[in-house]
Structure formats: structure tokens, C-alpha cells
Amino acid sequence: MRRRALLALVGSLAAGSGCTGTSDDPAEATVTPAPVPTRAESRTEHVVATAAAVQPGVVTAGDDSIGVTDDAGQYLVLYLEGDAPDRSAVEFRFSGASYTPEDLGRPLYRGDFGRETYGEDGGPLVFGLPETGDGTDAELAWGNGSVAPPAALVERLEDPLPPFSVSIDGPETVADGSDPQITVSVANEGTGAGRYVLALNRQGPRVAYVPVTRLAGELDAGADVTHTVDAVPPEDGVSTRYSLDVPGQRDDPNHVIRPADS
């Protein structure tokens, strides 16, 4: 079940490289491995990249919260399985340069404090890449093999990521026994399709900080989507605060729900 759960995290190869929509559970796709002709003992046929996504950041898990890492121009997230090469031997070649997997300092987050790491059976690899570049030389390579990405994924890597507007809303106050909800609205303000990734945390009541959910999906240019999340009402006079971590923003959008009698 680990592999299926990760597919929900990174999207299918088709969704990450050009398909549109708002679902965060796309269908699985497989990259056809391409053997390296100069290697007589290539293991490439035993390695499969089962999912890939191009996105503005990745959600990682801390001890009591989740956040978006967004230091690179864009991120390529892909999943290997099979006779996986050692992580230190893997590189992604793009626009005349080679990039090694990112050491994010924290594991990827996929819900319920689930954490995914790369091991001897494969797993996720995250590459921080420049915002745009020439993808004619794009490939995932290691000591004795390589996997060539499909053209749709290369096109996504070459195109700049579209800008997204993000907002959070909900009731200002609620009474005891209420079942409030928080809404997160996302709009693609660019000229091309792209993928958004957000991290939502909660403060109070009874907790200092706790992850709520990771929100991600694909949107066409000009399209928008609204996510609805069940909220925890204030308790014993203590307000509830919801904060979004948005790639490219340093001031987190937030919404506070106060007790009705405050």
C-alpha cells in the first residue's frame, strides 16, 4: 500500500506533466525504461518510474507541523521501484546540468503523519531544478542505467510554473456544538496549466500546532477550485487558528475562529 499512497502524493506521470483537473488521486502511469547502449550489464530493465510531478514545492513533515519547501525554481518529484539504484548514484540531467536528489532535512508528508523515504526498494526522489530550461537532454541516470522522461513531462519542465492566488476563509465565530468548515480557494492566474501544493496547519484548542492536510492538484489556465475542510471549533474560550503554507509566500494566509461569546 505504500506505493499507492505515494501516487496520491505526487500524481501520475500524466497528471504531473500536462493533464489537468483538480483531483489529487490521478491514475497511475509508467515510464518506459530506456537502456544505456554503452553498458553491457545495465540494470535499467529492472527499474521503473511509476509516477512523476512538476510542482512549485514539496510538503514535508516536522515533529508537529507540515510545511512547503520551495527554495528551487521548480521541483520534480518521482517514484522509483524495482531493483532501485543507491540514492547517491542517481542524478537528473536537465538543460546541460546534473542535479542530485534534494536532502530536504525532513521526510515527505502524505497524510496522517505518514512519511515516505527512499530505500533499497525505491521510493520518492525530489529534484530541485531551475524554473525553466532546455529539456532536450532530460533524463534520470545512475551508474549503469537511465530512464528517459516522456515529452509531456519535458514540456512541463521547460515551461515556467503558472502563478496561483490562494485564500482561506471560514466563520468568524461559532457557538459550542457547531461544526464549522474552512474553505481554501486556489486560482491559476497564469497562461498555462500547472500544479499547486499547499500545507494546512491548526493551532488550538488543546494543541500548540498540528497538521491538518496537504492540498494539491492540477488547474488549467484561468481555472479555480475550492477545498472544504472540516474545522475544529473553539473550546473553553480558546480560539482556533488555521494557517496555510503557500509556495513563494512568506506571510502565511490564516483564518481564526473565535468563540461566539468572545
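Our subject is the structure that appears above.
Anyway, here's the lowdown on the structure attached to this text. Each residue is numbered by its place in its chain's sequence as written, counting from 1. Per-residue local features of the predicted model are confined to residues with pLDDT of at least 70, and side-chain atom pairs are confined, for both listing and counting, to 80 or more; whole-chain, interface and lining totals are unaffected and use all residues. With hydrogens and water excluded, all non-hydrogen atoms of the structure serve as input to the side-chain values.

**Quick look at the sheet that holds strand E1 (residues 47-55)**
The condition is simple: By definition, two strands form a pair when at least two bridges between them are found by DSSP. Working definition: helices are DSSP H or I runs of at least four residues, strands are E runs of at least two. Numbering for both runs from the N terminus. Axis angles are defined between N-to-C directions and span 0 to 180 degrees, where every axis is a line fitted to C-alpha atoms and, for a helix, only to the segment in contact.
Strand order in the open sheet formed by three strands is E1-E4-E9, and the pairing between neighbours is antiparallel. For this open sheet the edge positions go to E1 and strand E9 (122-129), each flanked by a neighbour on one side alone. Taking each pair of neighbouring strands and ignoring which way they run, the sheet shows an average axis angle of 20 degrees. Taken together, the eight bridges between E1 and strand E4 (residues 74-82) define a ladder with antiparallel strand orientation. Bridge assignment links Val48 to a residue of E4, and that residue is Glu81.

**Describing the nonpolar core**
Applicable threshold: Only buried residues count toward a nonpolar core, which is a set of Ala, Val, Leu, Ile, Met, Phe, Trp, Tyr and Cys residues joined through side-chain atoms within 4.5 Å. Burial status follows relative accessibility: with a 1.4 Å probe on protein chains alone, a residue under 20% of its type maximum counts as buried, one over 50% as exposed, and anything between as partly exposed. In what follows, a contact means two residues having at least one pair of non-hydrogen atoms within 4.5 Å.
Among the nonpolar cores identified, the biggest contains 23 residues, and Leu76, Leu78, Leu80, Phe92, Phe127 and Leu140 are the most heavily contacted of them. Apart from residues no more than four positions distant in its own chain, Leu140 is found in contact with Leu78, Leu80, Val90, Glu91, Phe92, Phe127, Gly145, Ser146 and Val147. Judged by nonpolar contacts, the second largest core, of 19 residues, contains Val166, Val225, Leu244 and Ile257.

**Here's the deal with the environment of Gly57**
Checked against the element boundaries, Gly57 lands in the loop between E1 and strand E2 (58-61). Take Gly57: its relative accessible area is 0%, and that puts it in the buried class. As for Gly57 and Val77, which are separated by 20 residues in sequence, their C-alpha atoms are 9.5 Å apart. Excluding residues within four positions of it along the chain, Gly57 makes contact with Val68, Thr69, Asp70, Tyr75 and Val197.

**Focus: helix H3 (residues 151-158)**
Filter applied, for reference: Comment: arc refers to directions from the helix axis out to C-beta atoms.
Where H3 is concerned, the buried positions are Leu153, Val154, Arg156 and Leu157. Down the axis of H3, the buried side of the element spans an arc of 160 degrees, and every buried residue falls inside it.

**Let's talk about the pairing of E9**
Summarising burial for E9: eight of the eight residues are buried, a large majority. In this structure, E4 lies alongside E9, joined through eight bridges in antiparallel fashion. Counterpart to Gln74 in the pairing with E9 is Leu129.

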